[in-house]
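Spelled out from the first residue to the last, the chains are:
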Amino acid sequence: MGCGKWEEFAAILGYAVLSSVIDRWRWTKLGLGDFVVSSARSIIDEYILPSSNMQTRWSSLAPIKVNVLAWRLAINKLATKVHLYNRGRVVPSILCGVCDYGIESTDHLFFGCSLAVDLMLEVGRWWRLDIPTIGSFLSWHMLFESLRRKKNY
Ligand SMILES: [Zn+2]
C-alpha cells in the first residue's frame, strides 16, 4: 500500500466509531441479535433452496429416493452434464452418455433419449396403455395433471 493509500485508509478509519461493548457474535437476520433457528431456515428457504410454483407431490407408495428424484426432476436440478458444465465443472462432453447423440439435459435423459422413449413404449405395451411421445417434463406434468383431473370426475 503506497503512502497516499495509507493516508486515505487512515482517514476513512477516522470516521469509525467503536463502542465499549465486548466483542460478541450477533445474529442480525431479524435485527434482534439472538440466533433463532427459524430465521436461519427462512434464509435457507429464501436464498438457497430453488423455488418453483409447481406443487410438490409426494407419493407414499414410492420410496423416498424416488420422490426426491421426481422432485429434483420437476425443479430441473438433476446433475446432468449440462448442469455440471454450466456450474463450471470440467465435463469432457455434454453429449448424452447413453445415446451419445443428444445434449444430456434433464428433458433429454427422461423424455428425449432413444432409450427413454423405447422404455416408455415398452412400459406402455406392458401395461396396455397408449402412452404418447412426450418431449419434456412440463409436457409430462401437464399430461399427468389432466389424467388426475379425469380420475377425480
Ligand atoms: Zn440420449
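Above this text sits the structure in question.
Now for a look at the structure at hand. (Residues numbered from 1 in each chain as written. Predicted model: local features only at pLDDT ≥ 70, side-chain atom pairs only at ≥ 80, totals over all residues. Heavy atoms only, no water.)

In this section: the overall build of the chain. Helices and strands together make up the secondary structure of the chain, namely 7 helices and 0 strands. Ordering the α and β elements of the chain from the N terminus gives α-α-α-α-α-α-α. The globule rule puts the C-alpha radius of gyration for 153 residues at 15 Å, and the 26 Å found for the chain is more than 25% above it. Oriented by its inertia axes, the alpha-carbon framework of the chain measures out at about 80 × 45 × 25 Å. Expressed as a percentage of the 153 residues in the chain, the buried residues total 16%. Residue pairs at least 24 apart in sequence account for 27% of intrachain contacts in the chain once pairs closer than 6 positions are excluded. By element, 61% of the accessible surface of the chain is carried by carbon and sulfur atoms, the whole surface being about 13000 Å². The positive charge centre, built from 18 side chains, and the negative charge centre, built from 13, are 8 Å apart in the chain. (Helix = DSSP H or I, 4+ residues; strand = E, 2+ residues; numbered from the N terminus. Rg over C-alpha atoms; globule rule 2.2 N^0.38 Å. Buried < 20%, exposed > 50% of the residue type's maximum accessible area, 1.4 Å probe, protein only. Contact = heavy atoms within 4.5 Å. Areas by Shrake-Rupley, 256 points an atom, 1.4 Å probe, with all protein chains shown as cover. Lys, Arg positive; Asp, Glu negative; His and termini not counted. Charge placed at Lys NZ, Arg CZ, Asp CG, Glu CD.)

Attention now moves to a positive patch on the surface. A cluster of basic side chains, namely Arg 72, Lys 77, Arg 87 and Arg 89, defines a positive patch on the protein surface. Checked against the element boundaries, Lys 77 lands in the loop between helix H3 (64-74) and helix H4 (81-86). We classify Lys 77 as partly exposed; its relative accessible area is 39%. (Patch = residues over 30% accessible without salt bridge, like charges linked within 9 Å, V, L, I, M, F, W, Y side chains within 5 Å. Salt bridge = Lys/Arg side-chain N within 4 Å of Asp/Glu carboxyl O.)

This is a description of form; function is not addressed.
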